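Structural features, examined
Okay, here's what each chain looks like letter by letter:
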Amino acid sequence: QVQLVESGGGLVQAGGSLRLSCTTSGDTFSTYTMGWFRQAPGKERELVAAIGRTYLNTYYADVIQGRSTISRDNAKDTVYLQINSLKPEDTAVYYCAAVRAGWNNPRRTSDFRYWGQGTQVTVSS
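As the structure is a prediction and not an experimental result, all values here were calculated from the model. (Residues numbered from 1 in each chain as written. Predicted model: local features only at pLDDT ≥ 70, side-chain atom pairs only at ≥ 80, totals over all residues. Heavy atoms only, no water.)

1. Overview of the overall build of the chain
Definition in use: A run of H or I in DSSP becomes a helix once it reaches four residues, and a run of E becomes a strand once it reaches two; helices and strands are each numbered from the N terminus. Residue exposure (1.4 Å probe, protein chains only): buried if accessible area is under 20% of the type maximum, exposed if over 50%, otherwise partly exposed. Note on definitions: a residue-residue contact is assigned when non-hydrogen atoms from the two residues lie within 4.5 Å. Using a 1.4 Å probe, the Shrake-Rupley method yields the accessible areas, and only the shown protein chains count as cover for residues. Asp and Glu are treated as the negative residues and Lys and Arg as the positive ones, with His and the ends of the chain left uncounted. In plain terms, the charge of a residue is placed at NZ if it is Lys, CZ if Arg, CG if Asp and CD if Glu.
Tallying secondary structure elements over the chain gives zero helices and 11 strands in all. Moving toward the C terminus, one meets the helices and strands of the chain in the order β-β-β-β-β-β-β-β-β-β-β. Its C-alpha atoms put the chain at 40 × 25 × 25 Å along the principal axes. Within the chain, the proportion of its 125 residues that are buried is 46%. Looking at the chain alone, contacts between residues at least 24 apart form 59% of all its contacts between residues at least 6 apart. Entry remark: accessible area of the chain is about 6,300 Å², with carbon and sulfur atoms responsible for 44%. Once the 13 positive and 10 negative side-chain charges of the chain are each reduced to a mean point, those two points are 2 Å apart.

Structure representation (structure tokens):
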């Protein structure tokens, strides 16, 4: 099974940018659909972006649409989430998730099987 390790979180001022990385190991990365979720205190975990096995399929939640890019480097077994114009409401723990399947319009936590430990993103106003 695949293991996921996120990095790139931190404290950033509103309007700034971050690039989150999720490096995988243990299986063939290119066979996985990948997603980025976030969970703020007291809120449910929500999908913010997902990418299929290739660039042909991507999804962005409305809360992040237009100011973020999800990408993957199959040679480096890594998926990225670039977030620009960060807002205080983007503050959350961001989780990388994976499912060994093709694109099936994932939206829910149950659509993914494997999870990273999360990385904290804090946006100050």
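Here the narrative resumes.
2. So, the sheet that holds strand S3 (residues 18-25)
Stated formally: Two strands are counted as paired when DSSP detects at least two bridges linking them. Between N-to-C directions, angles cover 0 to 180 degrees, with each direction set by a line fitted to C-alpha atoms, over the stretch in contact for helices.
Taking strand neighbours across the sheet as the criterion, the four strands line up as S1-S3-S8-S7 in an open arrangement whose pairing is antiparallel. Both outer strands of the open sheet, strand S1 (3-7) and strand S7 (68-73), are each paired with one neighbouring strand and no more. In this sheet, neighbouring strand axes are inclined to one another by 15° on average, regardless of whether the strands run parallel or antiparallel. Pairing analysis gives five bridges linking S1 to S3, with the strands arranged antiparallel. Each bridged residue has a counterpart across the sheet, and for leucine 4 the counterpart in S3 is threonine 24.

3. Looking at the packing of aromatic side chains
Short version of the rule: Here a pair means two rings of Phe, Tyr or Trp (six-membered ring of Trp) with centres within 6.5 Å. Their orientation is stacked below 30 degrees between planes, edge-to-face above 60, and tilted elsewhere. We call a charge positioned above a ring when the Lys NZ or Arg CZ atom is no farther than 6 Å from the ring centre and deviates by at most 35 degrees from the ring normal.
Here the structure, examined in full by the defined rule, presents three aromatic pairs. Taken together through their ring pairs, the aromatic side chains of Phe37, Phe112 and Trp115 make up a single cluster. The ring centre of phenylalanine 29 lies 4.3 Å from the NZ or CZ of arginine 72, which sits over that ring. The ring of tyrosine 59 is capped by arginine 107, whose NZ or CZ atom sits 3.7 Å from the centre of that ring.

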